[in-house]
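Summary of structural features
What follows is each chain in one-letter form.
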Amino acid sequence: MRTDHINSKKWNFSASLVAVLLLWAAQAGAQSTYIVARALVDPLAERLVQNPVVEIDGNRIVAVQANGTVPAGAKRIDLGDATLVPGLADVHAHLSWFATDTNVSFMGVSHTDEAIRSVINAKVLLMAGFTMVRNTGAGGYSDVSVRNAINTGRVPGPRLKVSGQSLGITGGHCDQNLLPKQYNLSNDAIADGPWAVRAQVREHKKYGVDLIKFCATGGMLSKGTSVGGRQYTMEEMQAIVDEAHTHGLHVAAHAHGPEGIRYAIEAGVDSIEHGSLIDDEGIAMAVNQGTFLTLDIYTSEYLVAEGAKVGFLPEMLEKAKIVNEQRYDIFRKVAESGAKVVFGTDSSVIPHGTNAIQFSRMVEHGMTPMQAIQSATTTAAELLGWEGQTGAIAPGYFADIIGTTNNPLEDVSALEDVIFVMKDGQVYKNVGMGVE
Ligand SMILES: [Zn+2]
């Protein structure tokens, strides 16, 4: 009896020890995942880390070690010779529009269709390595619904910031000018005058947008607008910015021509979209005020090459040509100025998923590969209000990590071929393991 008692005590002791060891092993394995690769691009310290080991717990990065080791028995994702890069951002996209749409065909697209198309394209961008996207213009607040569905885990997609319908003047770039008066066709957020634009901003806030986008000049893909011509007065632009900032919304201004760009910067917008014909004064103003410049330099090149096949009106293609002739020279000036260039492609004009092609053009025309990557990571995170949260692979950051076969600091076009995508700690793509 006594012996039995001792034996059972012993057994209990060993059983507890085993249980503790098992629990410890389970915690090391279940709580942390370790990603192993050949190199890691660090846009914060502007360096390449060799043989990194990235420890992830849940949706956050816990540690990054050069030449690190993985604890025995821990969960490991071995990406071999791949280079790790922070998840990329595209701060100018239209998820509800396909590159095969023209202004005419888009007239048959309902707001419900826009939501469905956005769900499809959100996944395409995520799989191409874009874990942060700013949607700069969509009908019926469809982008708000898609953002909410992604945030609650119902559909896969990047972290989204959304604008709802863009504000614009009657007959301007953000209006719809294809049909004669008897059809009374105009876009939802057309507003003229300071109080009318304030009312629009308030409505956008009510329905859940993250930012306000307005059209400060004409554009390439609208009928009857001059691409360089200013739209809105200073008084109206200031009213938009004041009202938006009062409600904690940031402001993006579509602007191609130099005067509209200068007006928008002076009015206090957070970012200039396109900025294709920005002059020296505009560049200096952007540098001084810290205004972000979203320069989608590949769009006009693509439109000149492909726009006629898609079926855009000749006047639109003519405007694309005018922009394209000057664009790369102007980009070089901006890149050398020290202005905050942020990566945005107008994804939708170019096919969704081909966004990373623009990196090669940025490097060809004045940026280093590291600067181009920073524009889509650290700089973009700053504009999107996620600084210190995402845009780098660093302790405390969200586990938004992509992998490329080649090193993008040697050849930035490596970003066009993404073989691994993790967002918020979840693996969406791992080509080597057949997940895609
Ligand atoms: Zn756009």
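Residues numbered from 1 in each chain as written. Predicted model: local features only at pLDDT ≥ 70, side-chain atom pairs only at ≥ 80, totals over all residues. Heavy atoms only, no water.

**Regarding unusual backbone geometry**
Here the phi dihedral of Y232 falls at roughly 75°; this positive angle occurs in a residue that is not glycine. Secondary-structure assignment places Y232 in the loop between β11 (211-215) and α6 (234-246). One non-glycine residue, H274, adopts positive backbone phi at about 80°. Following the sequence through the fold, H274 ends up in strand β13 (residues 271-274). Residue classification places H274 among the buried positions, given a relative accessible area of 4%. (Helix = DSSP H or I, 4+ residues; strand = E, 2+ residues; numbered from the N terminus. Buried < 20%, exposed > 50% of the residue type's maximum accessible area, 1.4 Å probe, protein only.)

**Structural notes on the domain arrangement of the chain**
Here the chain is partitioned into domain 1 (2-86 + 393-433) and domain 2 (88-355). In this structure, domain 1 and domain 2 have C-alpha centres spaced 38 Å apart. Listed by partner, the interface residues are 13 residues for domain 1 and 11 residues for domain 2. Across the domain 1/domain 2 interface, buried area totals approximately 960 Å², and carbon plus sulfur atoms make up 62% of it. Per-residue buried area on domain 1 facing domain 2 is highest for D400, K423 and Y428; these three make up 47% of the total on that side. The tally of links between domain 1 and domain 2 comes to two salt bridges. As a salt-bridge pair, D424 and R159 come within 3.0 Å of each other at their nearest N and O atoms. Linking domain 1 to domain 2 there are five residue pairs in polar contact (both at pLDDT 80 or more). Sorting the residues of the side of domain 1 that touches domain 2 by element identifies β7 (83-86), β17 (418-423) and β18 (426-430) as the ones contributing at least two each. If one sorts the elements of the side of domain 1 that touches domain 2 by residue count, β17 sits on top with four residues. (Domains from an automatic or database assignment. Contact = heavy atoms within 4.5 Å. Buried area = accessible area lost by both parts, 1.4 Å probe. Salt bridge = Lys/Arg side-chain N within 4 Å of Asp/Glu carboxyl O. Polar contact = N/O pair within 3.5 Å; in protein donor to acceptor, adjacent residues only side chain to side chain.)

**Some thoughts on the side chain of S142**
Counting through the fold element by element, S142 comes out in helix α4 (residues 142-151). Setting aside anything within four residues of it in sequence, one finds S142 in contact with H111, E114 and A115.

**Regarding the pairing of strand β4 (residues 53-57)**
Most of β4 sits inside the fold, with four of its five residues counted as buried. In this sheet, β4 lies alongside strand β1 (residues 32-36) in antiparallel orientation, the contact comprising five bridges. Within β4, the position partnered with T33 by the bridge is I56. Across five bridges, the pairing between β4 and strand β5 (residues 60-65) is antiparallel. If you follow I56 over to β5, its bridge partner there is I61. Counted along the chain from β4 to the antiparallel partner β5, the turn is two residues long, and its residue G58 has a positive phi close to 65°. (Pairing = 2+ DSSP bridges.)

**Quick look at the coordination of the zinc ion**
Coordination sphere of the zinc ion, protein contribution only: H92 (NE2), H94 (NE2) and D346 (OD), at 2.0 to 2.4 Å. Along the chain, the residues donating to the zinc ion are arranged with the sequence spacing H-x1-H-x251-D. Here H92 matches H94 in class, with each residue buried. (Donors = N, O, S within 2.8 Å, 3.2 Å for Na, K, Ca; no water.)

**Here we look at the environment of V287**
Residue position: V287 is located in helix α8 (residues 280-289). For V287 and S337, which are 50 residues apart along the polypeptide, the C-alpha to C-alpha distance reads 7.4 Å.

**Some remarks on helix α11 (residues 357-364)**
The element α11 is extensively covered by neighbouring structure, given that six of its eight residues are classed as buried. I357, Q358, F359, S360, R361 and M362 are the residues of α11 that are buried. Residues of α11 that are buried in the fold lie against β8 (88-93), β9 (130-135), α9 (298-310), α10 (314-337), β15 (340-342) and α12 (369-375).

**Describing the sheet that holds β8**
Pairing within the open sheet is parallel, and its three strands lie in the order β8-β9-β10. Edge positions in the sheet fall to β8 and β10 (159-162), since each has one partner strand and no second. The mean angle between the axes of side-by-side strands here comes to 15°, regardless of whether they run parallel or antiparallel. As paired elements, β8 and β9 share four bridges and run parallel to each other. Across the sheet, the residue bridging to D90 is V133, located in β9. (Axes fitted to C-alpha atoms, helices over the stretch in contact; angles between N-to-C directions.)

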